[in-house]
Amino acid sequence: MGIKKLANHLNLSIATVSRALNASDEVSAATRQRVLEAAAELGYSPNKAAESLRKGRLDTVGLMLPMRSPEENYTLSLFLTLADGIQESLSKSQLDLAMYQSKTDEDELTRLKRIVERRQVDGVIISGTRRHDPRLDYLAEKNFPFVAFGRSESGGEHAWIDLDFETAAEQAIERLVGFGHTRIAIGMPGQDAMQAHVYLNGYQRALKRCGIAYDASLARHDELSERGGYRVTGALLESAEPPTAIIFQSDCMAIGAYRKLAELGLRPGKDVAISGGVLTGEVPEYLSPRLTGFSIAVRELGIRMGEAMLARLPSVNAQRSATLVQEVWPLQLKARTSDAGPQT
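To start, this report covers the structure provided alongside it. A quick note: this is a predicted structure, and the numbers were derived from the prediction, not measured.

So, helix α3 (residues 29–42)
Alright, step 1. Over its 14 residues, α3 runs 20 Å from end to end, which matches the ideal 20 Å to within 8%, given 1.5 Å per residue.
Alright, step 2. Listing the buried residues of α3 in full gives V35, A38 and A39. Along the axis of α3, the buried residues cluster in a sector spanning 100°; they form a single face. In α3, the exposed positions that point more than 90 degrees away from the buried face belong to A29, A30, A40 and E41.

So, in structure tokens, the structure goes:
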């Protein structure tokens, strides 16, 4: 039943019924109660499109999933848990979450523009940020509410939450140096990924603090996947002076390293130390040896991200002021035996 039939049933005007349903002070408490009781009894369902036009918002937030090839699927489970946390926050303000995925840079930006220009959502959460990110520049130019999952040099002064990659890199290096390693390589994603830039900075600072000179030949970029880690490991170990330890930014790349080491007759944690970076799933628990890395409280991160998004949407709650959240999210070291390696 729509509002017109409900109004006819009550012998009231549509305007009066609408005011009653929205708790307006322009109708009496008795009329409001009468309308609410009839609506419940007759199964009244509001027209969402009309309601959105009236309120000037969709009550929906978009989550732009990171662009990935079929091989780069390691984040799927992580983002499902993250989305669950985001939705928990949004639900408290009666908002919903819509997820969007793209496979190329061009498709990603085109889709984002379509979403914004058609006003399909009230705000967006952008993931997989790049150091130079046209998506963030576009949103900032349009003054469209957004939160970035990851820092960037684009987008002006905007809201973001990022993982603490610097501390993770520094702790990984300190552990390896403590085990006697001095020739430590790093494997990271490419394509101008901001997380790789931040991780590399942490790696360089930690080396300097430990008195180890930075060697650019030990810093390798490749696909953020098992295949990428496999290729990085092969290239590093085939070099004239191979490293005794490799730190990766993500466990998926470390998993690829395990495969390459097995093919070469080498053992992680014995012949070559492997540090897995961010642990995104359960697989590291079942590797042998278990993979050292850094865990995330993913659902709690999603909840906080939803709160950061709501802070950019003051129209959702008249009592909520628009604030700019800029936070580094902690990572927790899970120390195993994969990063011991030869004592040098």
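That covers the picture; the talk isn't over yet.
A closer look at the packing of helix α8 (residues 165–178) against helix α9 (residues 194–209)
Alright, step 1. Close contact between α8 and α9 brings their axes to 8 Å; oriented N to C, the two are set at 40°. As the angle between them shows, α8 and α9 are arranged oblique. The way α8 lies across α9 gives a crossing that is right-handed. Residues F165, E166, A168, A169, E170, I173 and E174 of α8 form the contact with α9, whose own contacting residues are Q195, V198, Y199, G202, Y203, R205, A206, L207 and R209.

What about the sheet that holds strand β12 (residues 332–334)?
Alright, step 1. The mixed open sheet is built from six strands, whose spatial order is β7-β6-β8-β9-β10-β12. Every other strand in the sheet has two partners, leaving β7 (219–222) and β12 as the edge strands with one partner each. Between one strand axis and the next, the sheet turns by 20° as a mean value, whatever way the strands run.
Alright, step 2. Packed on one face of the sheet, α9 meets β6 (184–189), β7, β8 (245–248) and β9 (273–278) and runs near 165° to β6.
Alright, step 3. Each of β6, β7 and β8 touches helix α10 (residues 226–237); the most contacted strand, β7, lies at about 145° to it.

Some remarks on the packing of aromatic side chains
Alright, step 1. Enumeration according to the criterion identifies three aromatic pairs in this entry.
Alright, step 2. Here the aromatic rings of F79 and F149 are separated by 6.1 Å at their centres, their planes lie at 65°, and the arrangement is edge-to-face. Residue F79 is located in helix α5 (residues 76–91), and its partner F149 is located in strand β4 (residues 146–149); the two are separated by 70 residues in the primary sequence. Across the pair, exposure class does not vary: F79 and F149 are buried alike.
Alright, step 3. Aromatic pair Y203 and Y214: ring centres 6.2 Å apart, planes at 80°, arrangement edge-to-face. Of the two residues, Y203 sits in helix α9 while Y214 sits in the loop between α9 and β7, which places them eleven residues apart along the sequence.
Alright, step 4. Overall, Y203 belongs to the buried group, its relative accessible area being 0%.

Calculation notes
Residues numbered from 1 in each chain as written. Predicted model: local features only at pLDDT ≥ 70, side-chain atom pairs only at ≥ 80, totals over all residues. Heavy atoms only, no water. Helix = DSSP H or I, 4+ residues; strand = E, 2+ residues; numbered from the N terminus. Expected span 1.5 Å × (residues − 1). Buried < 20%, exposed > 50% of the residue type's maximum accessible area, 1.4 Å probe, protein only. Arc of directions from axis to C-beta. Axes fitted to C-alpha atoms, helices over the stretch in contact; angles between N-to-C directions. Parallel < 35°, antiparallel > 145°, perpendicular 65-115°, else oblique. Left-handed = near helix turned anticlockwise from the far one by under 90°. Contact = heavy atoms within 4.5 Å. Pairing = 2+ DSSP bridges. Phe/Tyr/Trp six-rings, centres within 6.5 Å; stacked < 30°, edge-to-face > 60°.

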